[in-house]
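Working through the structure, step by step
Residue strings, one per chain:
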Amino acid sequence: MTECSILPASQPGVPQRTGGTVCDPRNMPGPEAKGGEAASRLDSCSASCLSTDEKPDGKADKYAEELEAAEVAKKPRPKKRKRDVQAPGVKEKDAEAAAEKRKFSVDVLSFKKLSVGMLMLGAVNEITDFELIVSLPHGLSGYVRPTDVSPQYTEALLRAAEAAEIEAAKGDASDSEDDEETPDSDAPALNSMFHVGQLLTCIIKETHSTKDVKKRRIRLSLHSAEINQSLSSDALRPGVTVQGHVSSIEEHGYLIEFGLKRRTAFLHNRRAKTYSKLHNGDRPLVLGQPVRCLVLECDADTRVVPVTINPTEVAEAVANSDCVTRFTELTPGMMVSGKILQRAPNGAAMSFLSGIAGMISTFHLPQQLFNASQLPPSKKIKARIIHVNLTSKVVGFSAQQHIVENKAYTFPDLQLGGIVEEAAVKHVEENVGVVIKMTDAGMHGFVHISNLSDDHLEKIGKRHKTGTVHKCRILGFNSLDGLASASMQQSILDRPFLGLKDVVLGTSMKVEVISIETSGVVVAVSDHLRGFIPLMHLADIPLKKPGKKFREGGKVACRILEVTPARRRLLLTAKKTMVRSELPVLSKISEALVGSNYTGFVAGIRHYGLIVAFYGGTTGLLHRTELSVSTFDDDLGKMYYVGQVLQCRVISVDHGKLRLSLKAHGAASSGIAGLSPGEIFPAKYSSTNDKGIDVLLQPSNKPVTVTLSHLSDFPQHCEQLARCIASSQGEAAEFVLERLAVLGCRPLLVSCKPSLVPAEGEDLFLPTLASLKVGQILVGFVRQVVAYGVFVELASQLVGLVPVKSVADEFVTHPADLYSLGQTVVVQVTEVDTVKQRFILSMKPSDLGAHSGPSLPTLLEQFWREKSAIDQCLSQSSAKRQAVHDIAVGSLVECEYVRSQPFGASLKVCGSGATAIAPTSLAEQAESLTAGDIVTAAVLDKDVENATVYVSLDADLVKVWSAATEVAEASATTRKEKKRKDSECSAKDTPSQSAVKASKVGEFTEGIVQLIKPDCVVLTLPQFGSAVALGLAHQHLNDYRPASKRYSPGQKLKTEIVRLPSASSPFALVSLGRLPRPPKQTSDGSPRSSDAKVAVGDVVSAMVRSVQGLQLNVRIGGKLLGRVHVTQFTDKPAAGKWPFADVHNGDEIKCRVIGFRKLKSNRHLEISHHDFYEVAELSAKESVVENDSLDEATLKDKDLTEELVQELKPGSRVTAFVKEVWKSNLNLLVTPTVRATLPLLEAATTKEAAANPDKYFQPGSAVTATVTKFIKADRLFRLAKSVEVCIGEVRTCRIAKVIADEALLLELPGVKTFARCALTDISDSYEEDPLSNYPCHMIARCYILEKQSSGQLDVSLRPSRTSGSSSSNNGTMPDTASDAERHGQSGTGATATATGTSVRDPEIESIADIKQGQILRGYVKAAVDNAGLFVRLSRNIVGRAKITNLSENFVKNWKKAYPVGKLVVTKVMAVDYNQSKIELSLRNSHISPQKRKRKTSDSKDADGQSGKRTKLTGGRVLAAADADSDDDNEVDSDAELRQMMEEEGAEMLTSDSESEDDVENGEQDSEDADVASQGSDQDTEDDDSDTDSDDDSATPAGKSSAACLKLPSKFDWWSEAQASAGKQAAAAGAASDSSSDDEDGEENMSNSQRKKTRRQKRAEKKQDEANLRAMEETLLDTERPMQTVQDFERLVAANPDESDTWIQFMACHMHSAEIDKARAVAQRALETLNFRNEKGKLDIWVTWLNLENVYGSHESLMKVFDEAVRTNEPEKVFFRLVRIYIQSKKFERADDLYATMVKRFSQSREVWEQYGLFKFRQGKPDAARRLMDRGLKSLRKFEHVDVISKFAQLEFKHGEVERGRTMFESLVTNYPKRVDLWSIYIDMLLRDEHVDDVRAVFERLINIQLSSKKMKHVFKRYLEFESKHGDTSTVAEVTKKLRNMSAPDTE
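Residues numbered from 1 in each chain as written. Predicted model: local features only at pLDDT ≥ 70, side-chain atom pairs only at ≥ 80, totals over all residues. Heavy atoms only, no water.

Each helix and strand counted, the protein chain has 49 helices and 80 strands in total. A burial count over the protein chain gives 46% of its 1947 residues as buried. In the protein chain, the proportion of contacts linking residues at least 24 apart, taken out of those at least 6 apart, comes to 61%. (Helix = DSSP H or I, 4+ residues; strand = E, 2+ residues; numbered from the N terminus. Buried < 20%, exposed > 50% of the residue type's maximum accessible area, 1.4 Å probe, protein only. Contact = heavy atoms within 4.5 Å.)

Further remarks concern the pairing of strand β11 (residues 253-257). For strand β10 (residues 241-249) and β11, the ladder comprises four bridges, and the chain directions are antiparallel. Looking across to β11, one finds that Ser248 is bridged to Leu255. The loop that links β10 with its antiparallel partner β11 comprises three residues. Two strands pair when backbone bridges link them, and β11 and strand β12 (residues 264-268) are joined in this way by four bridges, in the antiparallel orientation. Each residue of the ladder has a partner; that of Ile256, found in β12, is Ala265. A loop of six residues connects β11 with β12, the two strands running antiparallel in sequence, and Gly259 in this loop sits at a positive phi of about 80°. (Pairing = 2+ DSSP bridges.)

A separate point is the pattern of salt bridges. Here the structure, examined in full by the defined rule, presents 53 salt bridges. A salt bridge links Asp1039 to Arg1046, with the nearest nitrogen and oxygen atoms 2.9 Å apart. Residue classification places Arg1046 among the buried positions, given a relative accessible area of 13%. Residues Arg1861 and Asp1893 are paired through a salt bridge, measuring 3.0 Å at the closest nitrogen-oxygen approach. With Arg1861 in helix α45 (residues 1857-1870) and Asp1893 in helix α47 (residues 1891-1902), the pair connects residues that are 32 residues apart, well separated along the chain. Given a relative accessible area of 25%, Asp1893 falls into the partly exposed group. Among the charged side chains, a salt-bridge network with shared partners connects Asp1822, Arg1825, Glu1851, Glu1856 and Arg1859. (Salt bridge = Lys/Arg side-chain N within 4 Å of Asp/Glu carboxyl O.)

It is worth spelling out the packing of helix α38 (residues 1734-1751) against helix α39 (residues 1754-1767) at this point. One way to put it is that α38 packs onto α39 with a least axis distance of 9 Å and a crossing angle of 165°. When the interaxial angle is binned, α38 and α39 end up roughly antiparallel. Remark: the crossing between α38 and α39 carries left-handed chirality. Contact with α38, carried on its side by Trp1741, Trp1744, Leu1745, Glu1748 and Asn1749, involves Ser1756, Leu1757, Val1760, Phe1761, Glu1763, Ala1764 and Thr1767 of α39 and no other residues of that element. Partitioning the contact of α38 with α39 into residue classes produces seven nonpolar, three polar and two charged. (Axes fitted to C-alpha atoms, helices over the stretch in contact; angles between N-to-C directions. Parallel < 35°, antiparallel > 145°, perpendicular 65-115°, else oblique. Left-handed = near helix turned anticlockwise from the far one by under 90°. Nonpolar A, V, L, I, M, F, W, Y, C, P; charged D, E, K, R; others polar.)

Attention now moves to a negative patch on the surface. A surface patch of like charges, here negative, comprises Glu924, Glu927, Asp954 and Asp956. One can find Asp954 in the loop between β51 (948-952) and α16 (955-978). Overall, the relative accessible area of 32% leaves Asp954 in the partly exposed class. (Patch = residues over 30% accessible without salt bridge, like charges linked within 9 Å, V, L, I, M, F, W, Y side chains within 5 Å. Areas by Shrake-Rupley, 256 points an atom, 1.4 Å probe, with all protein chains shown as cover. Lys, Arg positive; Asp, Glu negative; His and termini not counted. Charge placed at Lys NZ, Arg CZ, Asp CG, Glu CD.)

As enumerated under the stated definition, the model contains 20 aromatic pairs in all. With centroids separated by 5.8 Å and ring planes inclined at 35°, the aromatic side chains of Phe1898 and Phe1921 adopt a geometry described as tilted. With Phe1898 in helix α47 and Phe1921 in helix α48 (residues 1908-1925), this pair connects stretches of sequence that are 23 residues apart. Taking NZ or CZ as reference, Arg217 lies 3.8 Å from the ring centre of Tyr143, over its face. (Phe/Tyr/Trp six-rings, centres within 6.5 Å; stacked < 30°, edge-to-face > 60°. Lys NZ or Arg CZ within 6 Å of the ring centre and 35° of its normal.)

Before going further, it helps to spend a moment on the pairing of strand β27 (residues 520-524). Within β27, four of the five residues are buried, which leaves it mostly tucked inside the rest of the structure. As paired elements, strand β26 (residues 508-516) and β27 share four bridges and run antiparallel to each other. By the bridge assignment, Val513 is partnered in β27 with Val523. Judged from the five bridges that link them, β27 and strand β28 (residues 530-534) form a sheet pairing that is antiparallel. The residue bridging Val523 from the neighbouring strand is Gly531, located in β28.

This next bit is on the sheet that holds strand β54 (residues 1027-1032). Strand pairing in a sheet relies on backbone hydrogen bonds, with the paired strands running either antiparallel or parallel. Taken in spatial order, the five strands line up as β52-β53-β54-β56-β55 and close into a barrel, and their pairing is mixed. Direction aside, the axes of adjacent strands within the sheet are offset by 50° on average. The pairing of strand β52 (residues 1004-1012) with strand β53 (residues 1016-1021) spans four bridges and is antiparallel. Bridging across to β53, Ile1012 finds its partner in Val1017. Packed onto the sheet, helix α14 (residues 856-875) meets β53, β54, β55 (1052-1059) and β56 (1068-1072) and runs at close to 110° relative to β54.

Before going further, it helps to examine the packing of α38 against helix α40 (residues 1770-1783). In contact at an axis separation of 10 Å, α38 and α40 are set at 35° when each is read in the N-to-C sense. Here the hand of the crossing between α38 and α40 comes out right-handed. Between α38, through Leu1738, Asp1739, Val1742, Leu1745, Asn1746 and Asn1749, and α40, the contact on the second element is made entirely by Lys1772, Val1773, Arg1776, Ile1780 and Tyr1781. Residues of the contact of α38 with α40, tallied by class, amount to six nonpolar, two polar and three charged.

For residues with low pLDDT, the predicted coordinates do not support detailed interpretation. Predicted confidence across the protein chain gives a mean pLDDT of 76, with 77% of residues reaching 70 or more. Overall, residues 95-101 carries pLDDT values under 50, and its contacts beyond four positions in sequence, including any with other chains, amount to three contacts. pLDDT under 50 marks residues 666-671. Its contacts with residues more than four places away, or in other chains, come to eight contacts. (pLDDT = per-residue confidence, 0-100.)

Turning next to the side chain of Arg1432. Structurally, Arg1432 can be placed in strand β75 (residues 1428-1432). Buried charge without a partner: Arg1432 forms no salt bridge, and the closest opposite charge is Glu1302, 5.0 Å away. Setting aside chain neighbours within four positions, we find Arg1432 in contact with Glu1302, Thr1320, Gly1418, Tyr1419, Lys1421, Ile1437 and Val1438.

Relative to the assigned elements, Val1153 resides in strand β60 (residues 1148-1160). When its relative accessible area of 0% is taken as the criterion, Val1153 is described as buried. Note: C-alpha distance between Val1153 and Ala1180 (27 residues apart in sequence) is 9.1 Å.

With 13 residues, helix α46 (residues 1875-1887) extends 18 Å from end C-alpha to end C-alpha; this agrees with the ideal 18 Å at 1.5 Å per step. Those residues of α46 that fall on the buried side of the exposure criterion are Val1875, Leu1877, Trp1878, Ser1879, Tyr1881, Ile1882, Met1884 and Leu1885. Close packing links the buried residues of α46 with α44 (1840-1854), α45, α47 and α48. Phi turns positive, to about 60°, at Glu1889, one or two residues after α46. (Expected span 1.5 Å × (residues − 1).)

Within the secondary structure, Asn1730 sits in the loop between α37 (1715-1728) and α38. Beyond its immediate stretch of four places on either side in the chain, Asn1730 contacts Asp1697 and Lys1737. Separated by 2.9 Å, the side chain of Asn1730 and the backbone nitrogen of Arg1732 make a polar contact. (Polar contact = N/O pair within 3.5 Å; in protein donor to acceptor, adjacent residues only side chain to side chain.)

With that out of the way, let us pick up the nonpolar core. Proteins that are soluble and globular tend to have nonpolar side chains buried together. Counting residues in hydrophobic clusters, the biggest one holds 82 residues, and the most contacted among them are Trp1702, Phe1761, Leu1793 and Met1797. Sequence-distant contacts of Met1797, defined by excluding residues within four places in its chain, comprise Phe1774, Phe1775, Ser1802 and Val1807. With 49 residues, the next largest nonpolar core counts Leu119, Val246, Ile309 and Phe327 among its residues. (Core = buried A, V, L, I, M, F, W, Y, C linked by side-chain atoms within 4.5 Å.)

The subject of this paragraph is a positive patch on the surface. Together, Lys261, Arg262, Arg303 and Lys1759 line one region of the surface with positive charge. When you line up the elements, Arg262 lands in the loop between β11 and β12. Taking the relative accessible area as the measure of exposure, Arg262 reaches 56% and is therefore exposed.

Attention now moves to the environment of Val1934. Examined against the element boundaries, Val1934 turns out to sit in helix α49 (residues 1928-1946). As a C-alpha pair, Val1934 and Lys1916 span 18 residues in sequence and 9.9 Å in three-dimensional space.

This paragraph deals with the state of the cysteines. For the structure on display, the rule yields zero disulfides. Distance from the sulfur of Cys1342, which forms no disulfide, to the nearest cysteine sulfur (Cys1293) is 3.8 Å. Under the relative-accessibility criterion, Cys1342 is labelled buried at 0%. (Disulfide = S-S within 2.5 Å.)

With that settled, the discussion passes to the sheet that holds strand β31 (residues 597-606). With respect to topology, five strands assemble into a closed barrel ordered β31-β32-β33-β35-β34, the strand pairing being mixed. Each adjacent strand pair in this sheet contributes to an overall mean axis angle of 50°, direction not counted. Of the pairings in the sheet, the one linking β31 to strand β34 (residues 645-654) comprises five bridges and is antiparallel in character. The residue bridging Asn597 from the neighbouring strand is Arg649, located in β34.

So this is what it looks like as structure tokens:
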């Protein structure tokens, strides 16, 4: 089957790629095509279509007719040629195969196929306060954040947030100032703008991809600018529907914004009335609300188009070819009319809009057909676009009725979490899922393949074929697809609830912690339900730091406390007392029973009593008189606290009010009066509850409850026994309840476990903490399982801890995976701490021994007794179960074969009709059977509960049993004649039972495993006529190992017979794995004691204790430990496999002891004890075990390791085992003591294995390689894989080194030197800086190109090479520029390899592949001064471009423009094949001559002369030649060229891009004087026809060109600045050289009427010289003011890095009211200023901000501000803008900006201080004081003093002086040695002339112990103060104090 996407073509005549198949429209079948030819041509094109304006013929109907003809022609027709005639059957099969091959597949959307920017149609499924949940096509779902709705709505949210923060800062509303305004906080809720079921056009903004499918999320956006970014302004045509949002609310309607330039829409109120009434609650539209509009009319010049949002008109609008002309104009939600093109099993292809093709998936076919074959060919339908991928040109449709009507589907008859008992499969989507019919009303659902079964399904089987009926549960609804999501998994069906409505109050569960908040903990109740545990309910006592107890991702045991579905609220409690309480749950007052006890918590404390709350918000009153103790204290809060758990008794229920009591009433709360621990009673069944069964103790009839886990020692029997006891009083009830032991009374605990209840005549042992002894073995049950261990409760309610290390012999990560609550276990006391009243236990089988706890025969007897009772009880419930129960195990039955199943053969027992199953291992005979065949089967076991019989079809077993049956029948005839009553076997005995009865209990025999069940194993005993036997799968109460991993069908075991078959038991009960141990003998034949040591060379049987990566830990006999190293396990390890894969704990293996080693026990300190224990080194190799010559003496003299080392020579093959993975090598083990290393690149055969070696090389896995060297000192082998490098081979490599701008050095396996990959061999499509994508140590695939004589390899990383053979040089390279232009993109054409890889830059293997005129791309290799530019075209071919052929323009420093490694486009000008030289050109006129010719003609002046590039003195440029902006090699823009010229000291004064106004104003350079002499560049070649050189002809002969200034034609020296000076000089010259007579005579004459006299010519010459002199003097005057634009242009050219000059330039434009030009100057300045001149750039930004503040709008100001913040230090820019606001009296905006600053720069002290100053100056001191409090919470502590000091100064200056003094007094009191604080305090007091206060402060300061330096400073200020404000006496007093203080220092 060929899968393809239906895509429109992008260019006429260019083959298009569709899903891996290249389709050319020229291959489309025409009307003349016949039969299979047309069909095959249609299939080769995969139904790809072209739009009207894209087809070569320009006719869409022609292609539609061809498709119809091809559809009809698909039917096979007989061929006329005789030799082609075939048999009819063969022909039909070929036709069917051809038809199957012609099928195509519709690609269904999935999460992996989504991409950012994809447009989708969604239906609002749920609206919350924080997001929209949107249903997407094909079962997907996304979410929309409030900030992704529209820009206006985002602004409203920000305003609301700021308003809320201001309100919070105000505190109490009564304290707020009247003059402080609150920002607008009008932010509408999401449910006021959207409604459930609304269809919206969305764009994918982000996808969250994780490994966990349930955590994958799709973020959507409704921004109109993002959705409509592919639309142009002319896309708004009448009849088009486009989604926009309300941007403004006007008096008569709304302005709708679509995100298009120069186009908006107007929605009149009357056209919005219907929508508002139906979907907006009869409310007007709000700002930012998204709406889908229908364009009513639109002209080319119309900027505002009228639209309507009437739901009927929008839904009925159908787009046609007049509305939509391009593929990019398609948007989801648009409805079109089309025709079915082709049908597929999972959808159909549709043609619309005159030939564009789209696809309809199965789920969106019309009328919910779910089968495209039911659609008539060429059927015309209406469909709506549901998704568009503009990148891949894929469009999807929906033809469902509700989508066509622009509505969402509703599910009125279904409920989330509901169970549908009978759901019929209507359609099967292969490898995807099934569509089911859920109701009679036609509602459908979809079940994904992952939800069909709990087991992993590779494909959908016959069990879910069309028409079958199943039970399912609803998981969710997709209102867009019209399908409900459902699941058939049994685990989902068994869940207690899926939604909030299913939640049962009081349900206990374990939840996962999601996050820890200040008010509680958020937990995950299920996959899609979240709950909340309030802070009060985290523990029984209040927690101050919940983070110490709870961790994210941890599990917490909880109970459902309260559920409110309407508010989506789920509260839980984690109080252990409530979670573990066994009292009934009270969730409604109507359920309360007077006299019953319930668990609740204190919800409130009143003076008259306590308010106690229960589940579901139920409350009751616990009056103070009903407390358990009398209290005379009126304050109950001293005795109780809110949240305290209480067990209360209901004393009355009156009119919905509960009265509670804590006083004891009747029996004690801890148990039942008259009972004491250790007593044993018989009991009778009373009733059943959710925890177990209620029984009556005999003979007192006292009621007690027996929990389920205490009914049996086998957890799998507990629930079945409870059901049997409840349904029948027969055999099950008799033996289960005949002995019931009281284990404890606090609370009451009774048990029926036989392991806890003593035998008759024995007393129950009740241990106490004092009686416990280390090493004592006891039986208990699991009380609680935690991460760090298991708590086990003993018979006397003593609870001990089993640490996780003592849970099992193996390492255990999660103990909960091994043990369940209530499970019976055997423990050993390992530690008793009487001081702390605790003890530690162990459950390790190695510590307990084999005979601890109940004996195996006892457990086996108990198991069979309970199983028989359960089967007997179940058989009475139905006739089918009774039929199964009557079938005898061990008998032969006739069965009818039904079918084969994955688990075996399914049969039906003849006569009874019971279902029989023969497992795969026992059903080899079934391969030859067909349905209905009758076979004889041997009954092995029966499952009465599921009414199933397990049989064997083994012919040998059936034969043995048949022979035994015949013998038994003959014997029975003889006995009948003799009429013997006491026969050896009863009438019910089977022949196999009779055979096994001849054995004895305790006898050992061999058994063959036939059937493995979770709790038991069924065997046959060949020694006794293959009799059926039953053994326990677990040999100990602590044995948790699964039976399937320990036993396998056909395995032979030694068994011990425990009990013979009887009338009640058809089985012989046996114990497994218990072998008779014959006494060991010494050398003289006498028996050896059991404690004799194992010697080296002995062959022993070892039991596996644990399996590790590199060794097996085993036990030999009772105590001796040993290990089998991975290198000593097998002689023939499989490469890449782990030898221990099939070994499990408990297995026994045969080994030979090859040595011993001592290990430290680490049980004591090494300084005090030297504990060592001995471990045997074993070998399980067959060559070692079976070699009898390896005795103790031989092994002592013989070292197997050394022998192996001697055998391995260089070149030998060896198998080693992975120890660990290093960075570049594998560390291997050849023997336990000999290592080896193998390079990782040699070991890895794939790129994935080399990139992820830890995944592919697990410890212990085998690796085979060749020995290259042995390092004896390190006992290390160097290995290698025998890999020989071949040319043309693809190998895995590693990047070793990156040579900048040149090549990559690669490391190859087996190669000593690095391979080299040139720049041109990295990719099939060259790109700038290709080496950046290849970092060091990266793994890649390379192609070996050739080997140099030096031994270095040349390789290629091109995908065309590594994925297949390259197709370079096969006529694919463009030969001429015209060919290149047809391919586009600078003349480089894209080719395709045989593998489908696009090759834009083919390989050039030799110079013969290059032809003159070709357009090639390459990388700059070198730039040589006198030679030119050398370009690398391939790894060994380099071409040269002369300097004159580099660019059309002159660039002085051309090397800087072409650095090494730059990607350039060149044209081959000449090729010298003999000397292997290539001449290249980078000129755009050579590469694209047509473009150059067009640009040259456009740039010519009015007189026909083209622009010239003239070199001036000082390196300046007068006029720049026109540059081709499309040239890749040249500077792309005038700005970039100007920047490059400025770096060289040049200047661009005039260019093609300058405006016409500049030219008219004469803005030309007039600075240099030798233009004509240097009119042509020295580097310009003679053949350059683009530059005129006619200037030489203007120079008079015989005169030097430098003698005078040659002015070009029409050049005006005069400008506005020099006009007056020039005219004055001209007048002066004329007056001095002309006579009055000439002036009078010639005043009224025309120059054209007479010739000028010599005197007049002289006067004109002098006048010109005067003008020139005046002009030059003006230009040389540097102190004159700049007045014109030309002045500033010259000034910024001379000083481009002076920001003040640019600011004056901007001011010049602003004085002329040319604001746009001022903005342009600012932009130029920012681009020109050096990047290190940060202050200069900041000044430019501030000037620009001032400009926008005065002349621009707020939006333009914010745009400039945002860009300034991005490119400068944000805090500085914020401060500059706030100062601008303050200076311009915009105090409100300054306040808003300050509010933003304290959020963004909360750690900046200056921000808080400046904001406080602003508040004080605004007359809001209270607001400033609250601001200081906020700042102290945000700032670091060491800044608090300075902040308080600053605000205290502000209080002195702008606030209350007394408050400021108080603040300073507090500061100097707490920080007395901070002299700076004292100094500021003094300055503030002096400011207000408080002289006495200042003197008092000085007196306090000089009495503080300060350093001499500080004290000197203090006295200096004190003297200055007294000199200014005091008199001579005060000065003398201060001087005296100074002398007294310095006197001790002097002495």
